[in-house]
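Descriptive structure summary
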Amino acid sequence: MHLTQRFPDLRVAVLEKEAELATHQTGHNSGVIHSGIYYRPGSHKANFCVAGVQKLINFCDENEIEYERCGKVIVATDESELGRLDDLYERGVANGVQGLEVIGPERLREIEPHAAGIRALWAPGTGIADYPKVAQVYATNFAHSGGDIFTESPVQSIDRRGGTLAVQTPKGTVQAKHIINCAGLYADRVAAMIEERVDVRIIPFRGEYYTLRPESHHLVSGLIYPVPDPRFPFLGVHYTRNIQGSVEAGPNAVLALSREGYRKSDIRVGETMETLTYPGFWKMTAKHWRTGLSEMRRSYSKSIFLRDLRRLLPEISEDDLAPGGAGVRAQAVGKNGALLDDFSIIRGREAVHVLNAPSPGATSSLAIGEHIVQLAAEAFELRDPSS
């Protein structure tokens, strides 16, 4: 959308793997509009999230897309978490997040009457939105600007032909001078097709949710999160009221056995072997095997999942929980076993590759789009009509 708005003379096509847009990470996330608390000041996540929030809100207002600034509490349940809660407050202030407030148990009960904690961070600007609808409006605007969207067009191969890139899909070949790779769970594979050295591998992590039954929705007013473990880019099991009015509880974070492994039974041997033969996977496992085993136990045991949920909401019972959905996070892992925490967007001569754009990717999408277009303009020597 930004590309066609800034460079209206370009011919731009989107190759969409599925029959519909927003089928994977965009359509499976929790729908939260993050405010920018968690992220290291100066990082892409911090900068893009804080800038992206207001851009997204304005976009929703302009296009009549439903959203709600319901606010979020990040709850410390024991003394050991207080230092990390203070760190989050300092990060949020440093990132320019407005309205942050450290609150005690009484104020917490006013905001979330059923939550329990000894201290919390209140972020009133956090909200929820319908991201598939946002993506559809992006697509509509893109098409109105002359862009083409080809659905059911997964990229099979990319070859160089006479100064252009020939992108092969089941529906035919698309000839292009340049490529912007936003392939999510397959971003590293697309980069490899044009022999780009990226030094990361996408490892899929499935996040599984329960859904609160309708008679239990009153237990959650907005968003209730734990204090996260800073060693990992995951936020821990939490409660999220979504824009449709339902409440999700989760997710965990378990290794998926296929890149689109939304169910435990989704297994692709070739993709599993890609993970198991990657040295960075074993280095990551050596560092974090205890946490990995804990997540697996939680995946297969509703009672363990419930135990963790009760830390934030003691009243919750097994009867309150119904089976929910799942999402798969495209987590980039380095050869040294490090889980990339920040967004990773690299520029080559022929392509720009978005290699790591998990949460808060949806919140930051308009800011990320502007950044990608600027990288493309520089890498591809695009001429701005206004200059």
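Look up: the structure comes first, before these words.
Our subject in this report is the structure included herewith. Residue numbers restart at each chain and count upward from 1, following the sequence in its written direction. For a predicted model such as this one, the threshold for reporting local features is a pLDDT of at least 70, and the threshold for listing and counting side-chain atom pairs is 80 or more; totals across whole chains, interfaces and linings nevertheless cover every residue. Calculated side-chain values reflect all of the structure's heavy atoms, with hydrogen atoms and water omitted.

1. Let's talk about the overall build of the protein
Quick note on the threshold: Strands here mean DSSP runs of E at least two residues long; helices mean DSSP runs of H or I at least four residues long; both are numbered from the N terminus. Note on method: radius of gyration uses C-alpha positions; expected globular size equals 2.2 Å times residues raised to 0.38. Using a 1.4 Å probe on the protein chains alone, a residue whose accessible area is under 20% of its type maximum counts as buried, one over 50% counts as exposed, and one in between counts as partly exposed. Two residues form a contact once any of their heavy atoms are found within 4.5 Å. Where accessible areas are quoted, they stem from the Shrake-Rupley method and a 1.4 Å probe; at the residue level, only the protein chains shown are allowed to cover. Neither His nor the chain termini are counted; the positive set is Lys and Arg, and the negative set is Asp and Glu. Here the site of a charge means atom NZ of a Lys, CZ of an Arg, CG of an Asp or CD of a Glu.
Summing up its helical and strand segments, the protein has eleven helices and 20 strands in all. Compactness check: the protein gives a C-alpha radius of gyration of 21 Å against a globular reference of 21 Å for 387 residues, within 12% of the reference. Its C-alpha atoms give the protein principal-axis dimensions of roughly 65 × 45 × 35 Å. The proportion of buried residues among the 387 residues of the protein is 50%. Taking contacts inside the protein between residues at least 6 apart in sequence as the whole, the part at least 24 apart equals 73%. Of the roughly 18100 Å² that the protein leaves accessible, carbon and sulfur atoms contribute 50%. Each charge class in the protein was averaged separately, 43 positive and 48 negative side chains, and the resulting centres sit 6 Å apart.

2. With respect to the sheet that holds strand 11 (residues 172–176)
Note the threshold: At least two bridges found by DSSP between two strands is the condition for calling them paired. In this description, a line fitted to the C-alpha atoms serves as the axis of each element, helices being fitted only across the stretch in contact, and the angle between N-to-C directions of two axes falls anywhere from 0 to 180 degrees.
The three strands are arranged 9-10-11 in an open sheet whose pairing can be described as antiparallel. Where the open sheet ends on each side, the last strands, each with one partner, are strand 9 (157–161) and strand 11. This sheet shows a mean twist of 25° between the axes of neighbouring strands, independent of strand direction. Where strand 10 (residues 164–169) meets strand 11, five bridges bridge the pair, whose relative direction is antiparallel. Looking across to strand 11, one finds that A166 is bridged to Q175.

3. Some remarks on the packing of aromatic side chains
We count it as follows: In summary, the pairing rule links any two rings of Phe, Tyr or Trp, Trp by its six-membered ring, whose centres are within 6.5 Å, and it sorts them by plane angle into stacked for under 30 degrees, edge-to-face for over 60 and tilted for everything else. Think of it as a cone above the ring: NZ of Lys or CZ of Arg counts as a charge over the ring if it is within 6 Å of the ring centre and within 35 degrees of the ring normal.
Tallied over the full model, the rule gives five aromatic pairs. When the ring of Y210 is compared with that of F305, the centres are 5.0 Å apart and the planes differ by 85°; the resulting orientation is edge-to-face. With Y210 in strand 13 (residues 200–212) and F305 in helix 10 (residues 302–310), this residue pair connects regions lying 95 residues apart in the sequence. An identical accessibility class is assigned to Y210 and F305; each is buried. The ring of Y225 is capped by K72, whose NZ or CZ atom sits 4.3 Å from the centre of that ring.

4. Here's the deal with a nonpolar patch on the surface
Selection criterion: Each patch is built from residues lacking any salt bridge and having more than 30% relative accessible area; the joining distance is 9 Å for like charges and 5 Å for nonpolar side chains (Val, Leu, Ile, Met, Phe, Trp, Tyr). Note on definitions: salt bridges are taken to be side-chain nitrogens of Lys or Arg within 4 Å of carboxyl oxygens of Asp or Glu.
Taken together, L257, I267, V269, M273, L276 and W282 make up a surface patch of nonpolar side chains, about 560 Å² in accessible area. For the nonpolar patch, the element with the most residues is helix 8 (residues 269–276), which contributes three residues.

5. Thoughts on the sheet that holds strand 12 (residues 179–181)
Sheet architecture is open: three strands sit in the order 12-20-19, paired in mixed fashion. Whereas interior strands pair on both sides, the edge strands pair on one side only; in this sheet they are strand 12 and strand 19 (344–347). On average, each strand axis in the sheet is tilted by 10° relative to the strand beside it, whichever way the strands run. Looking at chain direction, strand 12 and strand 20 (residues 351–356) are connected through three bridges and run parallel. From the neighbouring strand, I180 faces strand 20, where its bridge partner is V352. Running over the sheet, helix 11 (residues 365–379) touches strand 12, strand 19 and strand 20 and is turned about 15° from strand 19.

6. Looking at the pairing of strand 10
Of the pairings in the sheet, the one linking strand 9 to strand 10 comprises five bridges and is antiparallel in character. Counted as the bridge partner of D159 is A166 from strand 10. From the end of strand 9 to the start of strand 10, which pair antiparallel, there are two residues, and G162 there has a positive phi angle of about 55°. Between strand 10 and strand 11, which follow one another and run antiparallel, lie two residues.

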